[in-house]
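Here's the letter readout for the chains.
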Amino acid sequence: MTFVGGAWLRWFAFSALAGIGLGALWWLAAPGGAVYGDVRDYNTWLGRDLVLGVLAVAGGLASACLLVGAGRRRGAVSTAHFAAVILGALLGSVLAWRTGVFAGDLFHVPPANMASPSMVFSLRVPSILLLWPLACAATVFVWTTVNYAIVPSPQEARATAGKLEL
């Protein structure tokens, strides 16, 4: 694993800081967030968690597509970049969760008769935080497997050996 030029740090920072935007988007799009739904209605809690799950999977797919695209230009996905993206995705999902909860605490006033202040805007299923790094890792795994499974025939390899691809 080579850590040359700090590119791994850029991959980590990109993936981690994307979590802040994802958290704000979660608070805007989830039931009981900024736009619609009642924070006290327990029927919206599952929908709130599912919105974060969908956003996390989308973030994982986007991270993997960017990583694979950069890997195609270099010939292979760098192990250091892959590890940085996965660790950044883990941190990014935690930042998304905390950003959404912070926005909920900042802009919602809990009613006086609420049983617990955590009912305002929170995450009920913490394992959803693993979806972003898992979606990213699974996408890179599938791409790598398919890439190595498709072996060109000897005729195609000889025909393209003399050509310069850009």
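Our structure is the block above this text.
Residues numbered from 1 in each chain as written. Predicted model: local features only at pLDDT ≥ 70, side-chain atom pairs only at ≥ 80, totals over all residues. Heavy atoms only, no water.

## Some words on the overall build of the protein
Looking only at helices and strands, the protein has 5 helices and 0 strands in total. Counted from the first residue to the last, the protein has its helices and strands arranged as α-α-α-α-α. The proportion of buried residues among the 166 residues of the protein is 36%. Long-range pairs, those at least 24 residues apart, make up 77% of the contacts in the protein with a sequence separation of at least 6. In the structure as shown, the protein presents an accessible area of about 9900 Å², 71% of it carried by carbon and sulfur atoms. (Helix = DSSP H or I, 4+ residues; strand = E, 2+ residues; numbered from the N terminus. Buried < 20%, exposed > 50% of the residue type's maximum accessible area, 1.4 Å probe, protein only. Contact = heavy atoms within 4.5 Å. Areas by Shrake-Rupley, 256 points an atom, 1.4 Å probe, with all protein chains shown as cover.)

## Examining a nonpolar patch on the surface
A cluster of nonpolar side chains, namely Phe 141, Val 142, Val 146 and Ile 150, defines an oily patch on the protein surface of about 420 Å² accessible area. Residue classification places Val 146 among the partly exposed residues on the basis of a relative accessible area of 44%. (Patch = residues over 30% accessible without salt bridge, like charges linked within 9 Å, V, L, I, M, F, W, Y side chains within 5 Å. Salt bridge = Lys/Arg side-chain N within 4 Å of Asp/Glu carboxyl O.)

## Quick word on the environment of Ala 96
Mapped onto the elements, Ala 96 comes out in helix 3 (residues 79–107). Considered as a pair, Ala 96 and Ala 24 are 72 residues apart in the sequence and their alpha carbons are 7.3 Å apart. Setting aside anything within four residues of it in sequence, one finds Ala 96 in contact with Gly 19, Leu 22, Gly 23, Trp 26 and Leu 52.

## Thoughts on the side chain of Ser 63
Within the secondary structure, Ser 63 is located in helix 2 (residues 45–74). A distance of 3.4 Å separates polar atoms of two side chains, one belonging to Ser 63 and the other to Trp 132. Excluding residues within four positions of it along the chain, Ser 63 makes contact with Ser 15, Val 85, Trp 132 and Cys 136. (Polar contact = N/O pair within 3.5 Å; in protein donor to acceptor, adjacent residues only side chain to side chain.)

## Some remarks on helix 4 (residues 131–149)
Along its 19 residues, helix 4 runs 26 Å from first to last C-alpha, staying within 8% of the 27 Å computed at 1.5 Å per residue. When helix 4 is considered as a whole, its buried residues turn out to be Trp 132, Pro 133, Ala 135, Cys 136 and Val 140. Within helix 4, the buried residues cover an arc of 165 degrees as seen down the axis, which keeps them to one side. Along helix 4, exposed side chains directed more than 90 degrees from the buried face belong to Leu 134, Phe 141 and Ala 149. Along its buried surface, helix 4 packs onto helix 1 (7–29), helix 2 and helix 3. (Expected span 1.5 Å × (residues − 1). Arc of directions from axis to C-beta.)

## Things to note about the state of the cysteines
Summed over all chains, the structure comprises 0 disulfides. Summary of cysteine pairing: Cys 65 is not part of a disulfide, and the nearest cysteine sulfur, belonging to Cys 136, is at 9.1 Å. Assessed through its relative accessible area of 52%, Cys 65 is described here as exposed. (Disulfide = S-S within 2.5 Å.)

## A few points about the environment of Ala 13
Summarising the element assignment, Ala 13 is placed in helix 1. Measuring from C-alpha to C-alpha, the distance between Ala 13 and Val 85 comes to 8.4 Å, with 72 residues separating the pair along the chain.

## Observations concerning the nonpolar core
Counting residues in hydrophobic clusters, the biggest one holds 17 residues, and the most contacted among them are Leu 22, Trp 26, Leu 52, Phe 121, Leu 123 and Trp 132. Every element with two or more residues in this core is listed here: helix 1, helix 2 and helix 3. When residues in this core are grouped by element, the largest group, 4 residues, is from helix 3. Among all residues touching Trp 132, those that are not within four sequence positions of it are Ser 15, Ala 18, Gly 19, Leu 22, Ala 56, Gly 59, Gly 60, Ser 63, Ala 89, Gly 92 and Ser 93. Ala 64, Leu 67, Ala 70 and Val 85 belong to the second-largest nonpolar core, a separate cluster that totals 11 residues. (Core = buried A, V, L, I, M, F, W, Y, C linked by side-chain atoms within 4.5 Å.)

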